[in-house]
Amino acid sequence: MCGIVGYIGKNKAVNILLDGLKKLEYRGYDSAGIALYNDSDQKIIKSVGRIKNLEEKLNLSSLEKYKKGIAHTRWATHGAVTEENAHPHKVGSITLVHNGIIENADILREDLKEKGYQFKSDTDTEVVAALLDFNLEDDFLNTIEKTIKMLKGSYALGIITDQDKDYIYVVKKDSPLVIGINDEEKFFASDITAINTYTNHFIFLDDGEIAKINEKEVKIYQHLIEKNKDINTIDIDLESKNKNGYAHYMLKEINEEPIVLEKTLKPYLENIELLPNISDYSVIHIVACGSAMYAGMVAKYILEEKTNTEVIVDVASEYRYKNINYNRKTLVILISQSGETADTIAAMRFAKLKKQHTLAIVNVKTSTIAREADEVLFIEAGEEIAVATTKAYLLQVALLSLLCLKLAYDKKIITEITPYLNEFKILPKLVKEVIDKDSDYQKIAQEVYQKNNSFFIGRKIDYSYCLEGSLKLKEVSYIHSEAYQAGELKHGTISLIEKDMPVFGIITDHDIYEKTLSNIIEVESRGAKTIIITTDKLKTNRNLEIIVKDVSIYTQGILIVPTLQLISYYVALLRGCDIDKPRNLAKSVTVE
Ligand code: G6P
């Protein structure tokens, strides 16, 4: 995974690189490093832990003379979290930062050892540095071209060579890399958010392209032939970068939900025909990772129940390796907040290769998935900084639900769409009312925060909300939690229920209300402390009960989800967790 950033120009590189690293921390934050250089001298400084640890280690005033550099924030893949394994890596004349995974690193390492190279780290990146050093030719472009032909896997590389200190070289395959351009300075990064405070002109590098960059110009080569690339002008809202008085980004982002819902849905609610007609497809495959996949689960239940459509939801890391028979007209829907999740990108490319139509639901407009999918619908979440997704997930559910409604209409299963659209129109107001019941969530958090285990149970679509509620709780509070189809609990898992164990029961489905309630009573009989999340038409009058307005299946989840997010937030707060950056996680998972 990891984030990389580089600078070459007239300003102090160290400040720009540190700033870029902080913005890339969402890609990994277990260690970081920086390489600074000028014509006569080079410095490499690394540290384990957050970027602030690196910052504390740097004597900034002594580093002001350096106007070039590359930097890295790490999410460990090869080798433990140590300073030796942190980037940049230097071998011979090559200094390197890398995002991605080199799959044949072990074979290459053995081969290079035989040739006399010694390795200080366990990383695949140091192997690439050694390989570049071994392949050195007079023209460094030849060196890179020869080296990348020997690499298997994914990479975005920022390279400095002692041979040619006027330049930074970058090259990529299957990991994102963008170059930022100003008159007398240039940047590169894994993501434009690392550099968009300095420029709004960007070149997106494609696989196999090499860029040779100095302060004055960027030259792009493919197979050693220079080529022209478009320069994109992209203005990004910088507003989202501060917490606006909230204690955490997670809380701020939950509170933004009414606004971003309005922004995302408005164009479609004014003209529903802006959404595609997908009624021609016999089968829909929904493919994503993490919460985005759970948003797909919500859509699956609506599609099956309301549109007579066959749906398969799969995790992207498995879908692409399956022997899928596309013998009926299939729509492949990819869902991704970042648009950069490696497995989701690979699943999209797999479906495209098999000539299937791909429809992506994405937040980041400049992302790989947004650029490569056949058709894209954007959610308007703005930047989401907390690692645990909240507003983006909610918008994925909302937009998918509207797409399901449109399909039911296009298939003439419903003839009157206006009442449903009116429900979507009042959602921002209803969600705000749900969010404002702060004290209810804090009360529940008090009951839960000292426990080590919990369950979320529900049936059918309520189970899909359980999946997300359970994930949110475990990722931010570290309380172990499992989501279960309520009727399935008694087939073994119920043996884990013990006195005062929190069990969240979600009930919004009227048809199976009694069945789910029976399952709730079953766990209560075994001592569980139940917390019910339900609607004003289904309330069970328990002590710990959150009640939202009863609406149609298309919009119900959008009222349930914020309650689960806020409970998780307050539990994590009481447990003193690092809410915006939970341990071991990264916001954008760019390795497979
Ligand atoms: C990571 C994040 C999750 C997210 C998942 C998919 O695991 O921590 O919150 O749901 O990636 O990310 P995407 O950007 O593809 O939606």
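Residues numbered from 1 in each chain as written. Predicted model: local features only at pLDDT ≥ 70, side-chain atom pairs only at ≥ 80, totals over all residues. Heavy atoms only, no water.

Q: Help me understand the domain arrangement of the protein chain, please; the structure alone is not making it clear to me.
A: One frequently used descriptor of interface size is the decrease in accessible area upon assembly of the parts. Looking at the assigned domains, one finds that the protein chain contains domain 1 (3-236), domain 2 (242-435) and domain 3 (437-580). Relative to domain 2, the C-alpha centre of domain 1 lies at a distance of 34 Å. Put simply, domain 1 and domain 2 have 1 salt bridge between them. We note a salt bridge from D174 to R349, for which the minimum N-O separation is 2.8 Å. When the residues that make up the side of domain 1 that touches domain 2 are grouped by side-chain class, the tally is 5 nonpolar, 1 polar and 3 charged. (Domains from an automatic or database assignment. Salt bridge = Lys/Arg side-chain N within 4 Å of Asp/Glu carboxyl O. Nonpolar A, V, L, I, M, F, W, Y, C, P; charged D, E, K, R; others polar.)

Q: What exactly am I supposed to notice about the environment of R328 here?
A: Position of R328 relative to the elements: it lies in the loop between α9 (316-319) and β18 (330-336). Here the side chain of R328 touches E310 through a polar contact of 3.1 Å, side chain to side chain. (Helix = DSSP H or I, 4+ residues; strand = E, 2+ residues; numbered from the N terminus. Polar contact = N/O pair within 3.5 Å; in protein donor to acceptor, adjacent residues only side chain to side chain.)

Q: Looking at this model, I keep getting lost on the site of the ligand. Mind explaining?
A: Neighbouring the ligand are 13 residues; S291, S336, Q337, S338 and T341 lie closest to it. Between the ligand and Q337 there is a distance of 2.7 Å, counted from an oxygen atom to a backbone nitrogen or oxygen. Taking 390 Å² as the accessible area of the ligand by itself, protein coverage stands at 90%. More than half of the atoms belonging to the ligand lie within 2 Å of the grid points that define the second largest pocket. In terms of residue count, the dominant contributor to the shell around the ligand is helix α8 (residues 290-307) (3 residues). Classifying every residue of the shell around the ligand gives 5 nonpolar, 7 polar and 1 charged. (Near = heavy atom within 4 Å. Areas by Shrake-Rupley, 256 points an atom, 1.4 Å probe, with all protein chains shown as cover. 1 Å grid on protein atoms, 1.4 Å probe; cavity = no way out; pocket = protein on both sides within 12 Å on 5 of 7 lines; lining within 4 Å. Sits in = over half its atoms within 2 Å of the grid points.)

Q: Looking at this structure, I do not really get helix α16 (residues 513-525). What am I missing?
A: Each α-helix winds once per 3.6 residues, and so residues spaced three or four apart point in a common direction. With 13 residues, α16 should reach 18 Å at 1.5 Å per residue; the first-to-last C-alpha distance of 18 Å fits that figure. Within α16 the residues assigned to the buried category are Y513, T516, L517, N519, I520 and V523. End-on view of α16: buried residues confined to an arc of 155°, all on one side of the axis. Across α16 from its buried face, at more than 90 degrees, point the exposed residues E514, K515 and S525. Buried positions along α16 lie against β21 (453-458), β23 (502-507) and β24 (529-535). (Expected span 1.5 Å × (residues − 1). Buried < 20%, exposed > 50% of the residue type's maximum accessible area, 1.4 Å probe, protein only. Arc of directions from axis to C-beta. Contact = heavy atoms within 4.5 Å.)

Q: Just checking my understanding: could you explain the sheet that holds β24 for this structure?
A: Adjacent strands of a sheet form backbone hydrogen bonds with each other and so pair up, either parallel or antiparallel. On the basis of which strands lie adjacent, the open sheet formed by 5 strands has the order β22-β21-β23-β24-β25 and parallel pairing. The sheet is open, and its two edges are formed by β22 (480-485) and β25 (545-548), each paired on a single side. Neighbouring strand axes in the sheet, compared pairwise and without regard to direction, differ in orientation by 15° on average. The pairing of β21 with β23 spans 3 bridges and is parallel. From the neighbouring strand, I457 faces β23, where its bridge partner is G505. Along the sheet, α16 makes contact with β21, β23 and β24, crossing β23 at roughly 170°. (Pairing = 2+ DSSP bridges. Axes fitted to C-alpha atoms, helices over the stretch in contact; angles between N-to-C directions.)

Q: Sorry if this is basic, but what is going on with empty space enclosed by the protein here?
A: A water-sized probe, rolled over the atoms, reveals where empty space remains. On inspection of all chains with the given rule, the structure shows 3 cavities of 30 Å³ or more. Within this model, the largest cavity holds a volume of roughly 60 Å³. Contributing to the lining of the largest cavity are C2, R74, T77, H78, H87, H98, G100, T123, D124 and T125. Here the lining of the largest cavity is composed, by residue class, of 1 nonpolar, 7 polar and 2 charged. (Points joined across faces, edges and corners; volume = space filled by probe spheres on them.)

Q: Is there a simple way to think about the layout of surface pockets in this case?
A: In this model, the second largest pocket occupies a volume close to 590 Å³. Along its surface, the second largest pocket is lined by 27 residues, and C289, G290, S291, K587 and V589 are the ones closest to its centre. Those elements that provide at least two residues to the lining of the second largest pocket are α8, β18 and α15 (461-477). At 5 residues, the largest contribution of residues to the lining of the second largest pocket is made by α8. Of the residues contributing to the lining of the second largest pocket, the split by class is 13 nonpolar, 11 polar and 3 charged.

Q: Is there a simple way to explain the environment of T330 in this structure?
A: Assignment of secondary structure puts T330 in strand β18. Of the residues examined, T330 reaches a relative accessible area of 5% and is grouped as buried. Residues T330 and V311, spaced 19 residues apart in sequence, show a C-alpha to C-alpha distance of 9.7 Å. Sequence-distant contacts of T330, that is, excluding residues within four places in its chain, are made with Y281, V283, H285, Q356 and H357. Only 2.7 Å separates the side chain of T330 from the backbone oxygen of R328, close enough to count as a polar contact.

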